[in-house]
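Each chain, written out:
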Amino acid sequence: MRNGHRERGFGRPGGWQQADLPDPADAADWFAGRLPDDWFTGPPELEIDRDEIVVVGVLPDTEGASTATREGALARWREATRPARMQIADEAQRRYGRSVAWGVNLDGKRILFTHLAVPVMTRLRQPERQVLDTLIDAGVARSRADALAWTVKLAGKHAESWLAELREAMRKVDDLRSEGPTGL
């Protein structure tokens, strides 16, 4: 306690705990400058959260090729770029404080390589547990963890526009907070 106020611990008020991480605002530019020009057909897509940066680039089309040819091309690209991808990931992890995962888009199909599966602790009351158990009983999920992940994906898919608005509002709050007085 200081001056009758509890000192803040880790994170922002409201539970959004990204404040202690380096700002990834320039990550797209950093990766664009760092990645070899011949890896992808254009700039990669980056997805960033507080744990991970996922870099997904588009590989040249192999449309019309056999499945085995596509799989071979993907394996060749993955193996040929592995040392450089690991080095770039290490540099990005030091810079942004997040793990880096890689993926490609090949003929319209998104393929992610090793990426994080982060455990999330939650407490659910019986009605919520019954929803998860119904998904298990129906064969949609193997476990409550799988059922919860499935539910989150479904909710995210159907709420993407609302979540995008919420993220934009949070960015505006961050901008206003940075313009305001310090030391409060």
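No experiment lies behind these values; they were computed from the predicted model shown.

On the surface, a nonpolar cluster with roughly 270 Å² of combined accessible area is contributed by L116, V118 and V120. Residue V118 is classed as partly exposed on the basis of its relative accessible area, which comes to 42%.

Here we take up the pairing of strand 1 (residues 45–48). Across 4 bridges, strand 1 lies against strand 2 (residues 52–58) in antiparallel orientation. Residue pairing across strands places I48 opposite I53, the latter belonging to strand 2.

Taken across its 7 residues, strand 2 has 6 buried, putting it largely inside the fold. The antiparallel hairpin formed by strand 1 and strand 2 contains 3 residues in its connecting segment. Where strand 2 lies against strand 3 (residues 99–106), 7 bridges are found, and the strand directions are parallel. Considered in strand 3, the bridge of V58 is made with N105.

With that settled, the discussion passes to the nonpolar core. Of all hydrophobic cores here, the largest spans 21 residues; its most connected members are F31, L35, V55, V100 and W102. Residue assignment for this core shows that the elements contributing at least two residues are helix 1 (27–34), strand 2, helix 2 (67–96) and strand 3. The leading source of residues in this core is helix 2, at 6 residues. Ignoring sequence-local partners within four residues, the contact set of W102 consists of F31, L35, W39, V55, R85, I88, A89, L112, F113 and T114.

The rules we used
- Residues numbered from 1 in each chain as written.
- Predicted model: local features only at pLDDT ≥ 70, side-chain atom pairs only at ≥ 80, totals over all residues.
- Heavy atoms only, no water.
- Patch = residues over 30% accessible without salt bridge, like charges linked within 9 Å, V, L, I, M, F, W, Y side chains within 5 Å.
- Areas by Shrake-Rupley, 256 points an atom, 1.4 Å probe, with all protein chains shown as cover.
- Salt bridge = Lys/Arg side-chain N within 4 Å of Asp/Glu carboxyl O.
- Buried < 20%, exposed > 50% of the residue type's maximum accessible area, 1.4 Å probe, protein only.
- Pairing = 2+ DSSP bridges.
- Helix = DSSP H or I, 4+ residues; strand = E, 2+ residues; numbered from the N terminus.
- Core = buried A, V, L, I, M, F, W, Y, C linked by side-chain atoms within 4.5 Å.
- Contact = heavy atoms within 4.5 Å.

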